[in-house]
Amino acid sequence: MRRTFGQSLSLYGGVLVLALAIGLPFWWVLTGSIKLPKEIIQRVPTMVPHSFTLQHFEKLLQASDFPIYLFNSMVVALFSTAFTVLLALPAAYAFFRMEFPGRNALYKTILLAYAFPGVVVLIPLYGLFAKVGLIDSPVALVIVNVAFALPFSIWMMRSFLATVPREIEEAAVVDGAPTTTILVRILMPLIAPGIASVAIFAFISSWTEFLFASVLIVSDARRTIPVGFAGIIGQYQIDWGLLLAGATAAIIPVVALFALVGRWFVSGLTDGAVK
């Protein structure tokens, strides 16, 4: 009993430390967005706000370009997520359900490409997009986001496809179902948690991408949220209230996405790991 109690205490203690490490930054951002400027910058920080104001959110929505940044990020993230899911599912099916020459070598090459940092291919991609006229275009960001999210997404799909018995597909083939029907009407409902996991991964990767967005996008009207936040940080002063309000508003779409598909996301993680 003492050993069990000690293990439980250690487990709950570790969970508490982890929860504090993850939750405190979010709490600091959220509470800072509703504090008066003088309380934000005072020497002794306050974990619980002593003042309340919505002036930072009013300034964010009325006197800044944040709504434009939010719209641009939403468009890029949604299109990147959609194309990543649409390409990852048939690619994973081809790699792990079909036989063709060089399948393993091609799959390893794709995973190897994912290991390269983005800065290595930044200059070549910039030159390529400049030649085809995609500089300062959201299309360039969608292409880059999909290209970098796709290898890991294909790898994620592998474990979910492995949970589906091949006998189901063989029975569909015997009934005369083509490959597209098997993929859309049989496999997609069975691996819905995996699709949700890939969608959340692709959305967050696109939502937080900064490197390519800061280089490929030139005009302020087409910037995304991460690059727009960088413009808030001035050379001599920082509007902390505006920055914290913007960070709080930027979290809302991600929280909403988790609220919609979070159940399938958690189920996908456990199914892919256990089954």
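Residues numbered from 1 in each chain as written. Predicted model: local features only at pLDDT ≥ 70, side-chain atom pairs only at ≥ 80, totals over all residues. Heavy atoms only, no water.

## Some points on the environment of Ser137
Note on placement: Ser137 falls in the loop between helix H6 (122-132) and helix H7 (138-162). A C-alpha to C-alpha distance of 9.6 Å links Ser137 and Arg223, two positions 86 residues apart in sequence. If near-sequence neighbours (up to four positions away) are discounted, Ser137 is found in contact with Leu216, Ile217 and Arg222. (Helix = DSSP H or I, 4+ residues; strand = E, 2+ residues; numbered from the N terminus. Contact = heavy atoms within 4.5 Å.)

## Here's the deal with the packing of aromatic side chains
Tallied over the entire structure, the rule returns seven aromatic pairs. A ring pair is formed by Phe148 and Phe212, whose centres lie 5.4 Å apart and whose planes are at 45°; its orientation type is tilted. Residue Phe148 is located in helix H7, and its partner Phe212 is located in helix H11 (residues 211-216); the two are separated by 64 residues in the primary sequence. Plain terms: the ring middles of Phe152 and Phe201 are 4.8 Å apart, the flat faces sit at 50° to each other, and that makes the pair tilted. Placement of Phe152 in helix H7 and of Phe201 in helix H10 (residues 192-207) is noted, with a sequence separation of 49 residues between them. By the ring-pair criterion, three or more aromatic residues cluster together here, those being Phe152, Trp155 and Phe201. The ring of Trp28 carries the charged tip of Lys35 above its face, separated from the ring centre by 5.0 Å. (Phe/Tyr/Trp six-rings, centres within 6.5 Å; stacked < 30°, edge-to-face > 60°. Lys NZ or Arg CZ within 6 Å of the ring centre and 35° of its normal.)

## Some remarks on the environment of Ala192
Along the chain, Ala192 turns up in helix H10. By relative accessible area, which is 29% here, Ala192 ends up partly exposed. (Buried < 20%, exposed > 50% of the residue type's maximum accessible area, 1.4 Å probe, protein only.)

## Comments concerning the pattern of salt bridges
A full pass over the atoms with the stated rule returns two salt bridges. For Lys59, the salt bridge identified is with Asp239, shortest N-O distance 2.6 Å. In this pair, Lys59 sits in helix H3 (residues 55-62) while Asp239 sits in the loop between helix H12 (225-232) and helix H13 (240-274), placing the two residues 180 residues apart along the sequence. The class of Lys59 is partly exposed, set by a relative accessible area of 39%. Its salt-bridge partner being Asp220, residue Arg223 comes within 3.2 Å of it at the nearest N-O pair. Residue classification places Arg223 among the partly exposed residues on the basis of a relative accessible area of 25%. (Salt bridge = Lys/Arg side-chain N within 4 Å of Asp/Glu carboxyl O.)

## Considerations on the side chain of Ser51
Along the chain, Ser51 turns up in the loop between helix H2 (37-40) and H3. The class for Ser51 is buried, based on a relative accessible area of 17%. There is a polar contact of 2.4 Å between the side chain of Ser51 and the side chain of Glu39. (Polar contact = N/O pair within 3.5 Å; in protein donor to acceptor, adjacent residues only side chain to side chain.)

## Structural notes on the side chain of Ser153
Structurally, Ser153 can be placed in helix H7. Owing to a relative accessible area of 0%, Ser153 belongs among the buried residues under this scheme. Once residues lying within four places of it in the same chain are set aside, the contact partners of Ser153 are Thr84, Ala88, Val198 and Phe201.

## With respect to the UniProt feature "transmembrane region" (unreviewed entry) in the chain
Following the UniProt record, the feature "transmembrane region" (unreviewed entry) maps to residues 9-30, 68-93, 105-127, 139-161, 182-204 and 240-266 here. From the first C-alpha to the last, residues 9-30 spans 30 Å; its make-up is 100% helix and 0% strand. Spanning residues 139-161, this segment combines 100% helix with 0% strand, and its end C-alpha atoms are found 30 Å apart. (UniProt positions renumbered as here; feature names shortened; annotations may be inferred.)

## Focus: H7
The end-to-end C-alpha separation of H7 is 35 Å, in line with the 36 Å expected for 25 residues at 1.5 Å each. The sharpest bend along H7 measures roughly 40° and falls at Leu150, with the proline Pro151 sitting one to four residues further on. (Expected span 1.5 Å × (residues − 1). Bend = angle between axes of the 7 residues up to and from the residue.)

## Remarks on the nonpolar core
Nonpolar side chains tend toward joint burial in soluble globular proteins. Counting residues in hydrophobic clusters, the biggest one holds 25 residues, and the most contacted among them are Phe96, Ile154, Met157, Leu187 and Ile191. Secondary-structure elements contributing two or more residues to this core are helix H4 (66-97), H7, helix H9 (179-190) and H10. The greatest single-element share of this core, amounting to eight residues, is contributed by H4. With residues up to four places along the chain from it excluded, the contact list for Ile191 reads Leu89, Met157, Phe160, Leu161 and Val164. (Core = buried A, V, L, I, M, F, W, Y, C linked by side-chain atoms within 4.5 Å.)

## What about the environment of Ile225?
When you line up the elements, Ile225 lands in helix H12. Since its relative accessible area comes to 3%, Ile225 is described here as buried. Taking the C-alpha atoms as reference points, Ile225 and Phe66, 159 residues apart in sequence, are found 7.3 Å from one another. Sequence-distant contacts of Ile225, defined by excluding residues within four places in its chain, comprise Phe66, Tyr69, Leu70, Ser73, Trp207 and Ala250.

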